[in-house]
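So the chains spell out like this:
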Amino acid sequence: MYCAAERRLYIKANGEIPCWCYNGEDKILFNSDQNTDFVKSVYLGENYAHMRRSLEKGAAPWPGICQGCPEMKPDVPYLKDRGVKGAIESIQLEFSFLCNIECVTCIPKKERKVQKSPPYNMPYDLLKKAMDDIAGAGY
């Protein structure tokens, strides 16, 4: 079983790291801050390891969330260690939760502050730490 989320990081403005897909937006894999090691604690951490173990066994990592996910490919074989030894394919950074773009898959602008806690804009130190950790680990 294959899911692209195992090789992707999505870091929200408030430090939450949810599963990468739209269905997984509410599945918070890690709550990060400026002290987080984004490779050791997150990408190689327990929730990503759980995701990889589940996919290797042919099971959805987060039952109830993974069903219907466009990234989940039950018929594509899992390649062991693809996520751990391979490159991170995608990093999605949400610099601001209060952006002015009204994407159809996002929370409506008028409801955003009641949906998530601050900070609503990603602190520069968090961005820098994430990029330094990822680059420093050779990804």
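A brief look at the structure comes next.

### Some thoughts on the nonpolar core
- The biggest cluster of nonpolar side chains holds 27 residues, and the ones touching the most others in it are Leu 9, Ile 17, Phe 38, Tyr 48, Met 51, Leu 55 and Met 72.
- Looking at which element gives the most residues to this core, the answer is helix H1 (residues 38-43), with 4 residues.
- Not counting residues within four places of it along the chain, the set of residues in contact with Leu 9 comprises Ile 17, Trp 20, Phe 38, Val 42, Tyr 43, Tyr 48, Ile 88, Ser 90, Ile 91, Gln 92 and Ile 134.

### As for the pattern of salt bridges
- Following the criterion strictly, the structure yields 7 salt bridges and no others.
- A salt bridge links Glu 6 to Arg 52, with the nearest nitrogen and oxygen atoms 3.8 Å apart. Separated by 46 residues along the polypeptide, Glu 6 in the loop between strand E1 (2-3) and strand E2 (8-11) and Arg 52 in helix H2 (residues 46-57) bring together distant segments of the chain.
- Residue classification places Arg 52 among the buried positions, given a relative accessible area of 5%.
- The residue Asp 132 makes a salt bridge to Lys 128 at a minimum N-O spacing of 2.8 Å. With a gap of 4 residues between them, Asp 132 and Lys 128 both fall in helix H5 (residues 124-136), about one helical turn apart.

### Topic: the side chain of Thr 36
- Residue position: Thr 36 is located in the loop between strand E4 (28-31) and H1.
- Looking at Thr 36, its side chain comes within polar contact range of the main-chain nitrogen of Asp 33, at 2.9 Å.
- The contacts of Thr 36, once residues within four sequence positions are left out, are Phe 30, Asn 31, Ser 41, Val 42, Lys 129 and Asp 133.

### Some points on the environment of Gly 24
- With respect to the helices and strands, the residue Gly 24 is situated in the loop between strand E3 (16-18) and E4.
- On the accessibility criterion, Gly 24 (0% relative accessible area) is buried.
- Spatially, the C-alpha atom of Gly 24 lies 9.8 Å from that of Gly 64, the residues being 40 residues apart in sequence.
- When sequence neighbours within four positions are dropped, the list of residues in contact with Gly 24 reads Pro 18, Cys 19 and Ile 65.

### Considerations on the pairing of E2
- Going residue by residue along E2, you find Arg 8 and Tyr 10 tucked away on one face and Leu 9 and Ile 11 tucked away on the opposite face as well.
- Strand direction decides the pairing type here: E2 and strand E6 (residues 90-93), joined by 4 bridges, are parallel. Across the sheet, Arg 8 pairs through a bridge with Ser 90, a residue of E6.

### A few points about the state of the cysteines
- Counted under the stated rule, the structure contains 0 disulfides.
- In this structure Cys 66 is a free cysteine whose sulfur lies 6.1 Å from that of Cys 19, the closest cysteine sulfur available.
- In this structure Cys 66 comes out as buried when scored by relative accessible area, which is 7%.

Cut-offs and rules
- Numbering of residues begins from 1 in every chain and follows the order in which that chain's sequence is written.
- The predicted origin of the model limits local features to residues at a pLDDT of at least 70 and limits the giving and counting of side-chain atom pairs to 80 or more, whereas totals for whole chains, interfaces and linings rest on all residues.
- Side-chain measures were taken over the full set of non-hydrogen atoms in the model, leaving aside hydrogen atoms and water.
- What we call a nonpolar core is a set of buried Ala, Val, Leu, Ile, Met, Phe, Trp, Tyr and Cys residues that are connected through their side-chain atoms within 4.5 Å.
- Relative accessibility thresholds used throughout: buried, under 20% of the residue-type maximum; exposed, over 50%; partly exposed, between the two (1.4 Å probe, protein chains only).
- Helix and strand assignments follow DSSP, with helices taken as H or I runs no shorter than four residues and strands as E runs no shorter than two, numbered in order from the N terminus.
- In what follows, residue pairs with any heavy atoms lying within 4.5 Å of each other are defined as contacts.
- Just to be clear on terms, a salt bridge is a Lys or Arg side-chain nitrogen sitting within 4 Å of an Asp or Glu carboxyl oxygen.
- Any N or O atom pair separated by 3.5 Å or less is treated as a polar contact, with the protein-specific requirement of one donor-capable and one acceptor-capable atom, and with residues adjacent in sequence counted only for side-chain atom pairs.
- For two strands to count as paired, DSSP must find a minimum of two bridges between them.
- By definition, disulfides here are pairs of cysteine sulfur atoms that lie within 2.5 Å.

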